[in-house]
Structures are given as structure tokens and as C-alpha cells.
Amino acid sequence: MKPNLPRLSLNRVLAGALIVTALTCASASAANRPNIVLIFSDDHAYQAISAYNDPRHLIQTPNIDRLAREGIRFDRCLVPNSICGPCRASVITGKYSHRNGFYNNTNSRFDGSQTTFPKLLQAAGYQTAIIGKWHLVSDPTGFDYWQILPGQGVYYNPPTIENGKRVKHEGYVTDLITDFSLDWLKHRDKSRPFLLMCQNKAPHREWEPALRDLDHDGDRKYAEPPTLFDDYAGRGLAEHDQDMMIEKTMNNRDLKLIPPAQLTPEQRKAWEAYYEPRNAAFRAASLTGKDLVRWKYNRYMHDYLGCIRGVDNNVGRLLKYLDDEGLAQNTIVVYSSDQGFYLGEHGWFDKRWIFEESLRTPLLIRWPGVVKPGRVNRDLVSALDVAETFLEAAGLPAPADMQGRSLVPILRGKTPKDWRKSFYYQYFEWPQPHHVRPHYGVVTDRYKLVRFQAADCDYWELFDLKKDPRELRSVYGEPGYAKVQRQLTGELTKLRTDLQAPDQFPPEVYGNPPKAAAAKR
Ligand code: CA
């Protein structure tokens, strides 16, 4: 028998029940919003993460590998502009350099009034912190707590700026960044979810390992890349006329032939105890030609990989804290870098190019209950996607003008049918510091079409990664590639229109004024 209630009050009861249910669901999902830890290193090449299985087997990184084993490894995570500041600006804004205004590392300054994902998470109740390398010149915005390195920062005894105040420290930069991150985690408000951006300086130039790690490799001879002595045949002016060579560009600081200035007398003793006997042997050998390049390459690998050892150990400390505190289950942990890096490929160190080693950056994501452990993905994803991914994970809508796309469907195991099949890249910084000419282009799973453009050149190149994975010979203009070239040219035009990339830029986007830079060279 129906209860004898007037119609109006029945509706009122139902409406009330719906409101109660909605509130319960909303507060439940708010309570379950995942924490986010973004561990972001500087210039960490995927070739130097053992989970990426580089054939040279340069290093074992068991702690970083844990994220690949317990989460997903992305093999084609591409950056929109392969240098430090610009990529960082793209990560937090979800936009290309031409939309967020941060083009280069020499005169760009981040406009902190624009929308970023940390600001949106903060407004939605997340506690937010950034600790370590920031490199965007203006003060961070959108963070409850920030402790950053001034500029590039230094490896030994680095000063930091903590919420605007300069602080001195003794210790090694990667350890300190992790110490400060753990301190912040310990003192956070445990009733709210958090975003922690733990941003290492390592393994950026000048590649200075923790003193305890100086003897990490037992004077190992590192396997060389097949292109260590690349002659750049089959490519144009830009590749021939750059300034990022192990042979010519590395200086005495890079090569540890002189000690870093920041060491205490005691630290300097430990530093010299390792390097000085080896430097004496090097001087006595008077190496020349290829032997000299090989020595430099080996010293470079020793130092670079020594820095990675410090990063990996500290990733282990952070993961252990999450385990010990019972936080691992509801925390998304991401490991990535602001771009890839050349570890001797093409005779180079540094980054910048649309070519694979600098275009691709490592991306590992662990999200228990969402990401099935041990997955590997080859979709074209990007550093631009980070912002929208975190927003969706937190249950927040992404602003319509962000230019990436949330990776959440891919993390859940299903790549959307309309996922990007091509990616737009554009690099500006010129001519300082490494004399790499500005270029832009389109990348697909197999091809790369690129246009180099500077006062002294305007030319195109086309690479077929299936036949030429090391990108040694441009096939632009070859009859066999006419159709591919036409398709890619059309795709590039379409991407530039969709992404609102201007045809002309003012001179300041290239960094140092060309005249002053030319005089310095
Ligand atoms: Ca970098």
C-alpha cells in the first residue's frame, strides 16, 4: 500500500535524499583525491635510466625503475621546446612557448599571473609545494611553499630561496632537495591532498656527483655511441655549425680539470683525492684526436652517471617515505625530465634539437589501482599533457586554452581513437649559448619534417626513422618521399594553424641580442 503522503512532500523527500547522496559522493571523492608527486630532473636522458634498456647499459637505476615496474613507461614522451626553462613553463601551463611567453633561457621571464595547474589544484584545496630547480626567473606562484635554487643553482653547498628568503646550506644539492621535500611532507596538513614538485638540478652541466659517488664506477670504460664521430654528412648547415661538441665545446670545469668553487676545504680534499691522480695521468698521456675525444667522453659519462646515482638514491628515499606512511596507494608518482640529452650521440652533449635524444624525455607514472603495473606505451605523448593529466586526476576541468591532453584514459589502459598522430616542435634560443639554429617541425611515429631558419639559412630536412633511426641522412626532396613530404607539409601547416603558432616572431624570443652574442663568440 502506498504511503498516504501529499505529492509535494514526497518530491521534497526525494529531492532531499538526492542532495544528501550528492553531498556524500562529493565529499567521498574529495577525500579520495590522489596526492601527486612530480619528481622532475634536469637533462636526464632516457638512455641513462635502466628501465629504458639502452643498448649501452650505462647505469642501473633500481629506484626509478621501480616506477616503471609498478606503473607505466612512456617511450615517446616528446617536449615542445627542448631546453630547461621553456619546457618547465610548458609543463605548468600546458601550453607551447608561443602561448605562455617563455621561449628561451637567456632573456625570458615567466609571467606568473597566468593560469597553471598548481594554481588550479591549490584553489581546489590541494596543498602545493615546489622544491629545487625552478628556473623561470620570476617568483613561483600557485604554491603554498616554495624553496628554489637561484637560477641554475650549484651542486655543492647550494643556497636556496625559501618563500622569498635566501638561505645557506651545506651538503649536496640532490640530497638537500629531497631532505626539504621530506620535511615538507612530514609537516603538511594531513587532512588535505597534496601536490609536491620535487625538482632536481642534477644531472645538468657541469655534472658534479656527490662526493660519496665519485668512485662509483671503478674507472669503467663506457661503451660509445655509434655516432660519437659523426661527420654530419647528409645534413645541413645547422648540424655542421653548432657549438655543443664533446670534442670542441667542453671546458675545464666540465671535464673536472679544475675544481668547483663552492667546495669547503674538507670537501675539496675529497674531490681532489679522486680527480687529481686521474687528471695527472691524463696530462701525462698528452692525448690527441680521437683518443682525446674518447677520454673526454669517458670522463663525461663518469660524472653525468655519478649525478644520476644521486638522483636514483634520492628517488628511493621519497618512495620509501610514501611506503612507510601508507601514502603510496593514493599517490600518483611521476618521474620525468625537462628534456632528453645527448650522451655522445652525434659527438654531442646538451639538447635543443628536434632529434630523438633531445626531443624524447623519460616519463614513468605509478598510480596504483589505475595504471596496470609494467605497461609500456608508444603513443605520442608530451610534457604538455602533464597539466591536464593532473587536473583530471584531481577531478578538475582543464582550461580550454591548454594545448596538451589528459593522459588519464591512456593510464587507465585505453588510448582514445583520436589521440594525436603528429606532434609540433619549435626551438628558438639562438645564437647563444650553443649556436643551434632555430627550427620547427612535425614528428609522427615514423617521420620527422623540419625547417631550419636563421639569418644565414632556410632549409628543410626529412628523416625516416624506420630506415634511419639515428637520423643521419635527410631524404628531403628525394622522389621516393614526395608523397610523405607533401602529407607532412600539410600536417605541419595544419598544426601551426591549430596551435596558433605565429609566422613571425620579435627578435627577443631568440634570447641574447644577436649583435652582442656575435661579438662574444
Ligand atoms: Ca634541462
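See the structure shown above.
Okay, so let's go over this structure. Quantities reported herein were computed from a predicted structural model and do not represent experimental measurements.

Another aspect to go through is the pairing of strand β14 (residues 439-443). The buried fraction of β14 amounts to five of the five residues, a majority that puts the element mostly inside the structure. Where strand β13 (residues 423-427) and β14 come together, five bridges link them in antiparallel fashion. In the sheet register, Y427 faces β14, and the bridge partner there is H439. Pairing analysis gives five bridges linking β14 to strand β15 (residues 447-454), with the strands arranged antiparallel. Directly across from G441, in β15, lies its bridge partner V450.

Their axes nearest at 9 Å, the elements helix α6 (residues 173-186) and helix α9 (residues 289-324) cross at an angle of 10°. With respect to α9, the axis of α6 lies roughly parallel. Touching T174, D175, T178, D179, S181, L182, L185 and K186 of α6 are G310, V311, N314, R317, L318 and Y321, all from α9. The residue inventory of the contact of α6 with α9, partitioned by class, reads five nonpolar, five polar and four charged.

A few words now on the pattern of salt bridges. If you walk through the whole model with that rule in mind, you get 41 salt bridges. Here E272 and R268 are joined by a salt bridge, their closest N and O atoms 2.9 Å apart. Note that E272 and R268 are positioned in helix α8 (residues 265-285) at a spacing of four residues, about one turn of the helix. Classification of E272 as partly exposed rests on a relative accessible area of 27%.

Attention shifts here to the coordination of the calcium ion. Taken together, the protein ligands of the calcium ion are D42 (OD), D43 (OD), C84 (SG), D338 (OD), D338 (OD) and Q339 (OE1), with distances of 2.2 to 2.6 Å. One can describe the site at the calcium ion as irregular: its six donor atoms subtend angles covering 53 to 161° at the metal. Within one chain, the residues donating to the calcium ion are spaced in sequence as D-D-x40-C-x253-D-Q. Taken together, the residues span a long stretch of sequence, with D43 in the loop between β1 (35-41) and α2 (62-70) and D338 in the loop between β9 (331-337) and α10 (356-359) at a distance of 295 residues. In this structure, D43 and D338 share a single accessibility class: buried.

Thresholds applied
Residues numbered from 1 in each chain as written. Predicted model: local features only at pLDDT ≥ 70, side-chain atom pairs only at ≥ 80, totals over all residues. Heavy atoms only, no water. Buried < 20%, exposed > 50% of the residue type's maximum accessible area, 1.4 Å probe, protein only. Helix = DSSP H or I, 4+ residues; strand = E, 2+ residues; numbered from the N terminus. Pairing = 2+ DSSP bridges. Axes fitted to C-alpha atoms, helices over the stretch in contact; angles between N-to-C directions. Parallel < 35°, antiparallel > 145°, perpendicular 65-115°, else oblique. Contact = heavy atoms within 4.5 Å. Nonpolar A, V, L, I, M, F, W, Y, C, P; charged D, E, K, R; others polar. Salt bridge = Lys/Arg side-chain N within 4 Å of Asp/Glu carboxyl O. Donors = N, O, S within 2.8 Å, 3.2 Å for Na, K, Ca; no water. Tetrahedral: all angles 85-135°; square planar, octahedral: opposite > 155°, others 65-115°.

By themselves, these observations are geometric and do not establish any function.
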